[in-house]
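Observations on the model geometry
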Amino acid sequence: MPPDTPEPAGASRVAIELIDIRKAFGASDDQTTYAVDRMNLKIRAGEFFTFLGPSGCGKTTTLRMIAGFEEPTSGRLLLDGKEVTGVPAHQRNVNTVFQSYALFPHLNVGENVGFGLSVKGVAKEEIRQRVKAALESVHMAHAIVRKPSALSGGQQQRVALARALVNRPSVLLLDEPFGALDLKLRREMQMEVKEMQRRLGITFIFVTHDQEEALTMSDRIAVMSNGVIQQVGGPVEIYEQPANRFTAGFIGDMNLVEARVTGRSGDRLALDAAGSRFDLQSDLALQPGDRCTLAIRPEALHFVDGDAGPPIRFSGTLSEAVYIGTDTVYGLALADDSRLQARVRNSRDRSIPQTGEPGVVACAPSAIRILTQ
Amino acid sequence: MTAPRRGNLVTLALLAPSLLSAILLLAIPILIVIAFSFAEQDTYGGAKFGFTLTSYRELFQAIYLPIFLNSLQLAVVSTVICLLVGYPIAYFIALRAGRYAGLLLALLLIPFWIDFIVRMSAWMVLLGRNGTINSALVGLGVIEQPIRMIGTYPAVLVGMLYAFLPTTVLPIYAALSGLDGRLLEAADDLGATPLQSFWRITFPLSLPGVMAAILFVFVPAMGVYAIPVLLGGGKSIILGNLIVQLFLDFRNIPLGAAVSVVLLAISSVIIVCYMRVLRSVEEARV
Ligand SMILES: Nc1ncnc2c1ncn2[C@@H]1O[C@H](COP(=O)(O)OP(=O)(O)OP(=O)(O)O)[C@@H](O)[C@H]1O
Ligand SMILES: [Mg+2]
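Residues numbered from 1 in each chain as written. Chains lettered and ligands numbered in written order. Predicted model: local features only at pLDDT ≥ 70, side-chain atom pairs only at ≥ 80, totals over all residues. Heavy atoms only, no water.

- Going by an unreviewed UniProt entry, chain B carries the name ABC-type spermidine/putrescine transport system permease subunit I and comes from Mycoplana dimorpha.
- One UniProt comment on chain B, placed under Subcellular location (unreviewed entry), says "Cell membrane".
- Under Sequence similarities (unreviewed entry), UniProt gives the following word-for-word description of chain B: "Belongs to the binding-protein-dependent transport system permease family. CysTW subfamily." (UniProt positions renumbered as here; feature names shortened; annotations may be inferred.)

- Going by an unreviewed UniProt entry, chain A carries the name Spermidine/putrescine import ATP-binding protein PotA and comes from Mycoplana dimorpha.
- According to the UniProt record, the Subcellular location (unreviewed entry) comment for chain A reads "Cell inner membrane".
- Taken verbatim from the UniProt record of chain A, the Subunit (unreviewed entry) comment is "The complex is composed of two ATP-binding proteins (PotA), two transmembrane proteins (PotB and PotC) and a solute-binding protein (PotD)."

Below, the structure is given as structure tokens:
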């Protein structure tokens, strides 16, 4: 897809479809652990899609299957609606930006960027122009005759990006592309890459274990753990409505409080959590005696003194206070030995007790999410 | 030059044994040969030390030119054959053999623990008129009469290949095994067919190994002696057996020494030029 004809807004053509994809390394038998397990996913054309998960959860393996460097053990992979299982990488209209950059050390920057066009037999003059344009778009045109070894990490990253984009792939894969950059450069590159993706309208599939990076850049995120997709959704949905304990615990800071259902009337559940009893509205099919987990963000909790304030309360002993600039994070040891974190904006609030003293924190019912898995 | 410091003295002391043996076993013999080349032949086949250019003048007569060319041709052809056979072997061991790589390298090197002349004799048995290969072919009915192999140019080339294969394979193997597999994935990703990946990535990055292999084969091949004599019957005269003939048959020590000096000079010039090129290739890589 040429970059000057972006997908119309709202287009929902499927660029990549993974159907029941599984990947095991080595011989597979009943005991096999799968690096990627029963993955079903549709990635839309023009989307900025991110795989997010802890180290070893199978992100790279997934990306490598899409690129064609690994074959799935079972399942089907469709690119632009066509089955590509068994199609070698060089025949897929997909390009990769490698974490290690993998620039060719014996070729200069221009030759590196022109490599993909050159092996496809594009005319010299066209290669020259497209290489120049691609390098300009990543602000590296001045380095066209330099060797990769003469470039800084950030510059090599830009060249790697240009080398992939100059081929006008329908899908660009990026495996932790900013992993080796320092924080400031990382932020800069995030902005630039996001902007570039918007401009070109190419489908970007991005891999990171940095949740902040995932939340700021992505249209949609797939949260992965142990080879399994835990949740797919937009950044706001992933952050505010985690589907299970893994996502809730992985994205941002989250208190996870074990609770027991003590009663049910209509859509209201009576709960007992760490010695506190309260009602919550829920349409989950929970019955008295069932267990569930309550997910509460630390910033949703604040200290209360007396009866004023939100209705849901937890009392315990203040065990620590960590000053982190605008806020302070307090640790509260509850009756059942579990702990809650409350993140409170620093002020001259008299109601906050000293460490070692008893304290009560409260939150609104809407700030609590009930998780059953 | 700065004044020698304690560290330099220690370094010198530690290097002394190697330096001494290098001087005794390398430099002094070379100096003796050079001295001989300027000596005069006496009537009884000995050499009278002095300074005369007689030998060199004689050497640059037209009859010796074909001998130089013979040697050069044998060295070039041997080097090319060694590369054509050695490169694929090195490639296979480095990139395809996986966990058998160590075993294959060992198999390649183990024969070289046996004395060179013994191995050449084995080749004479294999290639002889009533040797293993001929007997087998006649026995199988492939040919009716034994083929003459010993004493032919191809037999010499087989011997050269056999002798210099490890020195070809090892440097190329070293260069290829250091190749970053991710570069080949990147090439694949960018649309290069396996053949394009080879010629544009693998081969250029293995060039330093190829250059080293060429040096390790070409230079000794210029002065090779035993193989052409044993397997080729010594029919075409090359520098190696020319030197032997001049020393032993014609008792012309000064001329033999002069040929040796010229051979040494040619090899040195080749090595020096080569190192230059090699360095610029290395620099171009990084
Ligand atoms: N070539 C391989 N052979 C055997 N096991 C492998 C191979 N590649 C990956 N694995 C295993 O598959 C699992 C997933 O690996 P993968 O590299 O996809 O993780 P990841 O999510 O990319 O992790 P990271 O964030 O550390 O890069 C890991 O347990 C890993 O050990
Ligand atoms: Mg990875």
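On we go from here.
**Observations concerning the overall build of chain B**
- Each helix and strand counted, chain B has twelve helices and two strands in total.
- The order of α-helices and β-strands along chain B, N terminus first, is α-β-β-α-α-α-α-α-α-α-α-α-α-α.
- Looking at the 286 residues of chain B, the share that counts as buried comes to 37%.
- Considering only contacts in chain B between residues 6 or more positions apart, those separated by 24 or more positions represent 69%. (Helix = DSSP H or I, 4+ residues; strand = E, 2+ residues; numbered from the N terminus. Buried < 20%, exposed > 50% of the residue type's maximum accessible area, 1.4 Å probe, protein only. Contact = heavy atoms within 4.5 Å.)

**Thoughts on the overall build of chain A**
- Looking only at helices and strands, one finds eight helices and 20 strands in chain A.
- Overall, chain A is about 80 × 50 × 40 Å in size when its C-alpha atoms are taken along their principal axes.
- When burial is assessed residue by residue, chain A has 51% of its 373 residues classed as buried.
- Sequence-distant contacts in chain A: of pairs separated by 6 or more residues, those separated by 24 or more amount to 64%.
- As presented, chain A carries roughly 17,200 Å² of accessible surface, and 48% of it is formed by carbon and sulfur atoms.
- Of the side-chain charges in chain A, 42 are positive and 44 negative, and the distance between the mean point of each set is 5 Å. (Areas by Shrake-Rupley, 256 points an atom, 1.4 Å probe, with all protein chains shown as cover. Lys, Arg positive; Asp, Glu negative; His and termini not counted. Charge placed at Lys NZ, Arg CZ, Asp CG, Glu CD.)

**Here we look at helix H3 (residues 124-137) of chain A**
Residues and elements named next belong to chain A.
- The terminal C-alpha atoms of H3 lie 20 Å apart, and with 14 residues this matches the ideal 20 Å at 1.5 Å per residue to within 8%.
- For H3, every residue scored as buried is listed here: Ile127, Arg130, Val131, Ala134 and Leu135. What you see down the axis of H3 is that its buried residues fit within an arc of 130°, all on one side.
- Contacts from the buried residues of H3 go to helix H2 (109-119) and helix H4 (153-165).
- His139, located one to two residues past H3, shows a positive phi value of around 60°. (Expected span 1.5 Å × (residues − 1). Arc of directions from axis to C-beta.)

**Quick word on the UniProt feature "transmembrane region" (unreviewed entry) in chain B**
Residue and element names in this part refer to chain B.
- Here, UniProt's "transmembrane region" (unreviewed entry) annotation points to residues 63-85, 97-114, 120-143, 155-177, 197-218, 225-247 and 253-275.
- Secondary structure content for residues 63-85 is 91% helix and 0% strand, while the C-alpha to C-alpha distance between its ends is 34 Å.
- This span, residues 120-143, is 67% helix and 0% strand, and a straight line between its end C-alpha atoms measures 25 Å.

**Notes on the nonpolar core**
- Among the nonpolar cores identified, the biggest contains 42 residues, and Ile16(A), Phe51(A), Phe104(A), Phe115(A), Leu173(A) and Ile205(A) are the most heavily contacted of them.
- Residue contacts for Ile16(A): discarding those within four places in its chain leaves Leu41(A), Lys42(A), Ile43(A), Ile66(A), Leu77(A), Leu78(A), Leu79(A), Val171(A) and Ile205(A).
- Formed by 36 residues, the second largest nonpolar core is a distinct cluster that contains Phe68(B), Leu127(B), Ala221(B) and Leu255(B). (Core = buried A, V, L, I, M, F, W, Y, C linked by side-chain atoms within 4.5 Å.)

**Examining the packing of H4(A) against helix H5 (residues 183-200) of chain A**
All names here are of chain A.
- Between H4 and H5, the shortest axis-to-axis distance is 12 Å and the interhelical angle comes to 15°. It follows that H4 is roughly parallel to H5 by the angle criterion. Of the two elements, H4 crosses H5, and the hand of that crossing is right-handed. In contact with Gly154, Gln157, Arg158, Leu161 and Leu165 of H4, H5 contributes Leu185, Glu188, Met189, Glu192, Val193, Met196 and Leu200. (Axes fitted to C-alpha atoms, helices over the stretch in contact; angles between N-to-C directions. Parallel < 35°, antiparallel > 145°, perpendicular 65-115°, else oblique. Left-handed = near helix turned anticlockwise from the far one by under 90°.)

**Remarks on the side chain of Ser78(B)**
All names here are of chain B.
- In this structure, Ser78 sits in helix H3 (residues 65-96).
- Within polar-contact distance, the side chain of Ser78 engages the backbone oxygen of Leu74 at 2.6 Å.
- Residues in contact with Ser78, not counting those within four places in the same chain, are Leu157 and Met160. (Polar contact = N/O pair within 3.5 Å; in protein donor to acceptor, adjacent residues only side chain to side chain.)

**Let's talk about the site of ligand 1**
All names here are of chain A.
- Around ligand 1, the neighbouring residues are Phe25, Ala35, Pro54, Ser55, Gly56, Cys57, Gly58, Lys59, Thr60, Thr61 and Glu176.
- Contact between ligand 1 and Ser55: an oxygen atom at 2.4 Å from a side-chain N or O atom of the residue.
- Interatomic distance of 2.7 Å between a backbone N/O atom of Gly56 and an oxygen atom of ligand 1.
- Relative to its unbound accessible area of 630 Å², ligand 1 is 56% covered by the protein chains.
- Its residues assigned to classes, the shell around ligand 1 shows four nonpolar, five polar and two charged. (Near = heavy atom within 4 Å. Nonpolar A, V, L, I, M, F, W, Y, C, P; charged D, E, K, R; others polar.)

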